[in-house]
Amino acid sequence: MAENRVFVTRQIPEPGMAILREFGAETTVFQTQEDRGVERADLLAGVKSCDVLLPLLTEPIDREVLGANDELLGVAQMAVGFNNIDVGAATELGIPVTNTPGVLTETTADCTWALILASARLIPQAHNYMVGGRYKLWGPNLMLGHDVGPGGSNIRKVLGVVGYGRIGEAVAKRAMGFDMDVLAFDPYSREAIDGSELATWADLGELLERSDFVTLHCLLTDETHHLIGEAELRRMKSDAHLINAARGPIVDEKALVRALREGWIGGAGLDVYEDEPAMAEGLVECENAVLLPHIASASKDTRGLMASMAATNAVAHLRREPAPNVVNPEVYETEAYRRRVG
Ligand code: GLV
């Protein structure tokens, strides 16, 4: 039987494919109609006939998928987030799971700032105004946005960072250039925040009440699902902006639509959605929302690095070696893993 078979669920950037080729892996790349991901039946069939699965964040890698192949050596996801994978089940079944941390931090922080600036200064609305041929005369009241830096008032604006991991910190670092005060909330990074010169610890309620911009950078877990719901949105300032380039379900999107419509907050910049690619009813009609199609890490260089990292992890799985970016390292101590690698 062929060995070193990698099932890649959609075409990934060439640097990743090159690493798999150089290792001599036999790759199956699932080809789909434009904009359609791999169907469930094809995913299950692909898992059954591979040694390592290289999925994307769009595929639910649940217990059924993981359990479909007793000889699967690992899952090498091309993304930093891995909420689509049942890591608990993978560990039980003896399957190492890897992700692609670090390489997308700066690119994601840049895009977060693009959302902050675009939302605050009404950039998409202004662009549409121009291409719609509506610009006839400069106006003192035309497209009045919200300052990100102190503006002429010398009052420093407040950035609230929820989730102070690598990306949250990179976003905070950029706020120095805008002379902002940064508040940060992350129950798992209290020490890092207290020891940081970039940010000051605040609990979530205080952060929501004081921030001009609230930006989310936590993982999606049971604990952070709907972390920002109606009550939290109502605590924000009425001219504050909510930015989400993390995961959609951290925000109750229906409540967000009401907040945007009814003016509980000033605006939102979103890269992710609760039921992606769908959006909550009414979101598209909210003129105070800037909407992106989950592109925060989408630079050519960064996606190439993510693909390379996923492929390097896949090769480690194929070699039956501890993978560099394993998210469930405890798996290597299990009997289930030992049985799998033989
Ligand atoms: C993108 O959302 C990622 O998790 O890499």
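Use the structure listed above.
Attention here is on the structure that accompanies the text. (Residues numbered from 1 in each chain as written. Predicted model: local features only at pLDDT ≥ 70, side-chain atom pairs only at ≥ 80, totals over all residues. Heavy atoms only, no water.)

1. Observations regarding the sheet that holds strand β5 (residues 97–98)
Note the following rule: Two strands pair if DSSP finds at least two bridges between them. Helix and strand definitions here come from DSSP, where helices need a minimum of 4 consecutive H or I residues and strands a minimum of 2 consecutive E residues; each element is numbered from the N-terminal end. By the convention used here, residues are in contact when the closest approach between their heavy atoms is within 4.5 Å. Whenever a helix is involved, its axis is fitted only over the stretch in contact; in every case the axis is a line through C-alpha atoms, and angles between N-to-C directions fall within 0 to 180 degrees.
Strand order in the open sheet formed by five strands is β2-β1-β3-β4-β5, with parallel pairing between adjacent strands. Each end of this open sheet is capped by a strand with a single partner; those strands are β2 (26–29) and β5. As defined by bridge partners, strand β4 (residues 74–76) adjoins β5 across two bridges and the pair is classed as parallel. Directly across from Ala76, in β5, lies its bridge partner Thr98. In the packing of helix α2 (residues 40–48) onto the sheet, contacts are made with β1 (5–8) and β3 (52–54), and the angle to β1 comes to roughly 165°.

2. So, the environment of Ile85
With respect to the element layout, Ile85 can be found in the loop between β4 and α4 (87–93). Contacts of Ile85, omitting those with residues within four sequence positions, involve Ile61, Val75, Gln77 and Val97.

3. What about unusual backbone geometry?
Selection criterion: Remark: exposure states derive from per-residue accessible area (1.4 Å probe, protein chains only) relative to the maximum for the residue type, with buried under 20%, exposed over 50%, and partly exposed in between.
Here the bond from Glu276 into Pro277 is cis, since omega is 5°, no more than 30 degrees from zero. For His294, which is not a glycine, the phi torsion comes out positive at approximately 50°. The residue His294 is located in the loop between β12 (289–291) and α12 (300–318) in this model. For His294, a relative accessible area of 19% puts it in the buried group. The phi angle at Arg320 is positive, at roughly 60°, despite the residue not being glycine. Along the chain, Arg320 turns up in the loop between α12 and α13 (335–341). With relative accessibility at 43%, the residue Arg320 sits in the partly exposed group.

4. Regarding the pattern of salt bridges
What counts is decided by this rule: Any Lys or Arg side-chain nitrogen found within 4 Å of a carboxyl oxygen on Asp or Glu counts as a salt bridge.
As enumerated under the stated definition, the model contains 16 salt bridges in all. Residue Glu92 pairs with Arg63 through a salt bridge whose shortest N-O separation is 3.1 Å. Taken as a pair, Glu92 in helix α4 and Arg63 in helix α3 (residues 63–66) lie far apart in primary sequence, 29 residues in all. Glu92 gets classed as exposed once you look at its relative accessible area, which sits at 55%. By relative accessible area, Arg63 is classed as partly exposed at 41%. Taking the shortest distance from any N to any O, the salt bridge between Asp212 and Lys237 comes out at 3.1 Å. Of this pair, Asp212 sits in the loop between α9 (204–210) and β9 (213–216) while Lys237 sits in the loop between α10 (230–235) and β10 (241–244), placing them 25 residues apart in sequence. Exposure remark for Lys237: the relative accessible area of 29% places this residue in the partly exposed category.

5. Examining the site of the ligand
Condition: If a single non-hydrogen atom of a residue is within 4 Å of a molecule or strand, that residue counts as near it. Under this definition, polar contacts are N or O atom pairs within 3.5 Å; protein pairs additionally need one hydrogen-donor-capable and one acceptor-capable atom, and for neighbouring residues in sequence, both atoms have to be side-chain atoms. Using a 1.4 Å probe, accessible areas were evaluated by the Shrake-Rupley method; residue-level cover was limited to the displayed protein chains. Ten residue types, Ala, Val, Leu, Ile, Met, Phe, Trp, Tyr, Cys and Pro, are classed as nonpolar, four, Asp, Glu, Lys and Arg, as charged, and the remainder, Gly among them, as polar.
Around the ligand, the neighbouring residues are Leu57, Ala79, Val80, Gly81, Leu104, Arg247, His294 and Met306. In this structure, Val80 approaches the ligand through a main-chain N or O atom, which is 2.8 Å from an oxygen atom. The separation between an oxygen atom of the ligand and a polar side-chain atom of His294 is 2.7 Å. Protein coverage of the free-state accessible area of the ligand, which is 190 Å², stands at 90%. Split by residue class, the shell around the ligand holds five nonpolar, two polar and one charged.

6. Overview of the pairing of β2
This is how the line gets drawn: When the strands point away from the viewer, a crossover counts as right-handed if the route from the first strand across the helix to the second turns clockwise.
Relative to β2, β1 runs parallel, the two sharing four bridges. Bridging across to β2, Val8 finds its partner in Val29. Tracing the backbone out of β1, into helix α1 (residues 14–23) and back to the parallel element β2 gives a crossover that is right-handed.

7. Topic: the side chain of Gln77
Position of Gln77 among the secondary structure elements: in the loop between β4 and α4. Within the local environment of Gln77, its side chain forms a polar contact with the backbone oxygen of Gly81, the two atoms lying 2.7 Å apart. One polar contact links Gln77 to Asn84, side chain to side chain, over a distance of 2.9 Å. Apart from the residues lying within four places of it in its own chain, the contact partners of Gln77 are Pro55, Leu56, Leu57, Phe82, Asn84, Ile85, Thr98, Asn99, Thr100 and Ala310.

8. Some remarks on the nonpolar core
What counts, and what does not: For the purposes of this section, nonpolar cores are sets of buried Ala, Val, Leu, Ile, Met, Phe, Trp, Tyr and Cys residues that join through side-chain atoms within 4.5 Å.
Grouped together as the largest cluster of nonpolar side chains are 55 residues, with contacts concentrated most on Leu20, Leu54 and Leu159. Top element by residues in this core is α12. It accounts for eight residues. Apart from residues lying up to four places away in sequence, Leu54 is in contact with Val6, Phe7, Val8, Thr9, Ile12, Leu20, Ala76, Met78, Ala310, Ala311 and Ala314. With 35 residues, the next largest nonpolar core counts Ala202, Cys218, Leu242 and Leu283 among its residues.

9. What to know about helix α11 (residues 253–262)
Listed as buried for α11 are Glu253, Ala255, Leu256, Val257, Ala259 and Leu260. Taken together, the buried residues of α11 touch α10, β10, β11 (267–270) and β12. The opening residue of α11, the one whose side-chain oxygen lies 3.2 Å from the backbone nitrogen of Lys254, is Asp252. Gly263 sits one or two positions beyond α11 and adopts a positive phi of about 75°.

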